[in-house]
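Next come the chains, spelled out residue by residue.
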2 protein chains.
Amino acid sequence: MTPRKLSRGVAVVGAGMSGFGAFPGLSTRDLFVDAFLDMRRSIDQGLDPATIEALYLGNFSSSAFEGQGFIAPLTADAVGLLPKPSTRVENACASGGTAVREAMIAVASGLYDVVLAGGIEKQTDLPIARVTDVLATASDTQYEGPAGFTFPGLFGALATAYMDRYGATPEAFMRVAIKNHDNGAVNPRAQFGKRIDDIMAAKRAAAERKGRTIPDWADELEFLADDRANPVIAWPMRLFDCSPVSDGAACVLVVAAELAAQFTDSPLHIVGYGQASAGAAHDRADLTSLSATRDAASQAYAVSGLGPADIDLAEVHDCFTIAEIMATEDLGFFDAGRGWAAATDGATGRDGAIPINTSGGLKSKGHPVGATGVAQVVEVWKQLRGEAGDRQVPGNPSLGLTHNLGGSGQACVVHIFQRRS
Amino acid sequence: MTPRKLSRGVAVVGAGMSGFGAFPGLSTRDLFVDAFLDMRRSIDQGLDPATIEALYLGNFSSSAFEGQGFIAPLTADAVGLLPKPSTRVENACASGGTAVREAMIAVASGLYDVVLAGGIEKQTDLPIARVTDVLATASDTQYEGPAGFTFPGLFGALATAYMDRYGATPEAFMRVAIKNHDNGAVNPRAQFGKRIDDIMAAKRAAAERKGRTIPDWADELEFLADDRANPVIAWPMRLFDCSPVSDGAACVLVVAAELAAQFTDSPLHIVGYGQASAGAAHDRADLTSLSATRDAASQAYAVSGLGPADIDLAEVHDCFTIAEIMATEDLGFFDAGRGWAAATDGATGRDGAIPINTSGGLKSKGHPVGATGVAQVVEVWKQLRGEAGDRQVPGNPSLGLTHNLGGSGQACVVHIFQRRS
């Protein structure tokens, strides 16, 4: 069935984010204020906040992470939006992309012209083991929990199946981590602003200061293959294959396309949009490809009349390195089973055939769950407007895609953005 | 500012719910299957589930209550909706009304024609004190939590302010409880299927069997004023002023108005809709009226061209008896300060001027948080179609209103439904 189109054009006219990282003492409300002010500064013609008519807020679990539920109206209050309607949406790690989608749908419905889509998460207040437990509630706890699965374990299983089927080697995963750290090193908002080379050098310098002996790694690959430098978390996923525990917030302003010029000369039109659900991992016939990604991408391509070859760059959901590789296949950038070779060959680098995760991705920019899908749009906003600084993709890109995945693939939201001027 | 209208008419063509109560051993998925089958049976022309294009699911905290987060795709899976998009929406106790609203907005956007709006909650697996803690995360935990507030305390404070300002007596609260138990006694899905008279009689019989002496209460009011029969929870709110801890699910099918005839000859058209946010209770100038209700109702009346005098019956959010009284004022059925007298005079009874909570309300039907706002629509569906059995409101009602409140009033969603044939 061909997906229907929205009855009204919708565009993004502003985008901003807080820094991503660990911020003791700051709540999600504080972080959202940072993101909101950053978004406001991004709007070329200025923004009167009174014109904002509603808020959709992506958040996985502020109640578990910071003991504060019912977060939407409190967040609206923090940025002066009361008494406007505010609604939290949740699709695990795809909550942010879902918020962007719901803002788009609400504008298309005719009910609003100007809607704020935001995302927040504050994970670092809890001990790390407890964070893993909270995240594990996003698996199927009736079936996967009793089998001992947490998310590193689930993605370890996907990676194992992928290696078995396609002959991929762990080097491909390491290449994803190296690239995303390279990108994050030139993103001032990233949680990890260091290349893996820099991390190696810092470890060497620290060892020298303390008079300790550490291996003389020849290069990043040798460093990442060292069980002590890069311990196995859930084989074949090692520490540097996993996105971190993060705090952060992001927001974008979504308006009716016909009003975009009131805000900016360079809006991003939302030309593609898709969302799909899938069964939990234990219930799937195939672990090497995620049907929710394929289904959501297929909708986004169909409504836009575009295909993967048209896309200039993409932010994909690299919660684990294997997830980035599978996403680049399921989105159609590479054939099934070829994503790992593409990652190894540099096709996904900033000057490659299809730059992937120029922001640093979840791996290096950080992964404050509910904010992630919105922050992906922030990166596309910067790239398509030529404002990405040292990580700017060459060639005046005009079409960017975002891919936001929930859980081990039970939900996926895809958007395609186009700059026309 | 006059709220804008949706660009497309939307109608409800089916509605169903599980029983509400305590169901050990059943998960929200199981309960939602019950609600879904009940909804399907309600559709006059039959329903092919394959025509459903998306799910919006209201839920406050399945992760805290049953250890299962990311509940939307699992719920979609349980009723065979994969791979359709599924999204959880959360606005504390207004999550269900929010799900109905988002389904309506999504149909109006042109993206879908047929959307399922559902709500679920499973609260009885946790010890009661822990349930109170989870619910308390819906207050402002930075300000209200440290002051010791839980929800009975917050509504006790609202009730105290109301009594102080308007001279209301506790009898008014008791009258609300008596009425709602009378209504719940003739609702087969209600958690408490007993009139308070019946509860008194049962207590007397039990005492006689055990040879114990209990007071010889003259009537329900004397029973409810007895500190042992009806203990104070947070003065002036006693046990019978509080809605219970509940499990349950509900869903309604929301479609484009022009397609409604394919499903039923008696659709309910959604002619009024409003949503508003407000600050937390500690931050309000006035505790005797809830601005989110006034704002949401004002939008719903404006877009429908209707006023409170046009409404034939309403389901309002009586999480505590004081909340029902305040809602009937804020919705405009009675002047400010007159709701308590109206409750005492019987104006809100099934044969009164404006029947309120013919379902039994949250008080007697039960309050599985995320399901509540959807179940309100189920009652209006039955009443406006003349299918409410022993609790049917006389006079062939055609206009019904639902009022779903979040927290102590930080969010409110109002809908007005009209039967035209």
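Our structure is the block above this text.
A brief structural summary. (Residues numbered from 1 in each chain as written. Chains lettered and ligands numbered in written order. Predicted model: local features only at pLDDT ≥ 70, side-chain atom pairs only at ≥ 80, totals over all residues.)

### Overview of the overall build of chain A
Summing up its helical and strand segments, chain A has 14 helices and 11 strands in all. A compact globule built from 421 residues would reach a C-alpha radius of gyration of about 22 Å, and chain A, at 20 Å, matches this within 12%. Overall, the C-alpha framework of chain A stretches about 60 × 45 × 45 Å when taken along its three principal axes. Within chain A, residue pairs in contact and separated by at least 24 positions form 78% of the contacts whose partners lie at least 6 positions apart. (Helix = DSSP H or I, 4+ residues; strand = E, 2+ residues; numbered from the N terminus. Rg over C-alpha atoms; globule rule 2.2 N^0.38 Å. Contact = placed C-beta atoms within 7 Å.)

### Observations regarding the relation of the copies chain B and chain A
When chain B is fitted onto chain A, the two copies agree to an RMSD of 0.0 Å after a turn of 180 degrees and an axial shift of 0.0 Å. When the rotation and shift are considered jointly, the pair of chain copies conforms to a two-fold rotation axis. Closest approach to the rotation axis among the C-alpha atoms of chain B is made by serine 109 of chain B, whose C-alpha sits 1.8 Å away. A shared binding surface is used by both copies, with 100% of the interface residues of chain B retained as interface residues in chain A. (Least-squares fit on C-alpha atoms with pLDDT ≥ 70 in both.)

### Some words on the interface of chain B and chain A
Listed by partner, the interface residues are 52 residues for chain B and 52 residues for chain A. Those elements that provide at least two residues to the side of chain B that touches chain A are α2 (62-66), α3 (71-78), β3 (86-90), α4 (95-108), β8 (268-277) and α10 (291-304) of chain B. Across the side of chain B that touches chain A, the residue classes break down as 22 nonpolar, 21 polar and nine charged. The pairing of strand β3 (residues 86-90) of chain A with β3 of chain B spans three bridges and is classified as antiparallel. By the bridge assignment for β3 of chain B, arginine 88 of chain A is matched with glutamate 90 of chain B. (Nonpolar A, V, L, I, M, F, W, Y, C, P; charged D, E, K, R; others polar. Pairing = 2+ DSSP bridges.)

### Considerations on helix α11 (residues 321-330) of chain A
Residues and elements named next belong to chain A. Burial analysis of α11 places 10 of its 10 residues in the buried class, the great majority of the element. All of the buried residues along α11 are Thr321, Ile322, Ala323, Glu324, Ile325, Met326, Ala327, Thr328, Glu329 and Asp330. Just downstream of α11 lies glycine 332, where phi reads positive at about 90 degrees. (Buried ≥ 20, exposed ≤ 12 C-beta atoms within 10 Å, placed from the backbone.)

### Side note on the packing of α4 of chain B against helix α14 (residues 369-384) of chain B
Residue and element names in this part refer to chain B. Interhelical geometry of α4 versus α14 gives an angle of 55 degrees and a closest axis separation of 5 Å. On the basis of their axis angle, the class for α4 and α14 is oblique. Of the residues in α14, those touching α4 at Ser95, Gly96, Gly97, Thr98, Ala99 and Val100 are Val369, Gly370, Ala371, Thr372, Gly373, Val374 and Val377. (Axes fitted to C-alpha atoms, helices over the stretch in contact; angles between N-to-C directions. Parallel < 35°, antiparallel > 145°, perpendicular 65-115°, else oblique.)

### Some remarks on α14 of chain B
Residues and elements named next belong to chain B. With 16 residues, α14 ought to run about 22 Å at 1.5 Å a step, and its terminal C-alpha atoms sit 24 Å apart, in line with that. Burial analysis of α14 places 16 of its 16 residues in the buried class, the great majority of the element. Backbone geometry just after α14 places glycine 386 at a positive phi near 70 degrees. (Expected span 1.5 Å × (residues − 1).)

### Some points on the environment of phenylalanine 417 of chain B
All names here are of chain B. Among the structural elements, phenylalanine 417 can be located in strand β11 (residues 411-419). Looking at phenylalanine 417, the number of C-beta atoms within 10 Å reads 24, which means it is buried. Separated by 33 residues in the primary sequence, phenylalanine 417 and leucine 384 place their C-alpha atoms 8.7 Å from one another. When near neighbours in sequence (up to four residues on either side) are disregarded, phenylalanine 417 contacts Val12, Leu268, His269, Ile270, Val380, Leu384 and Gly400.

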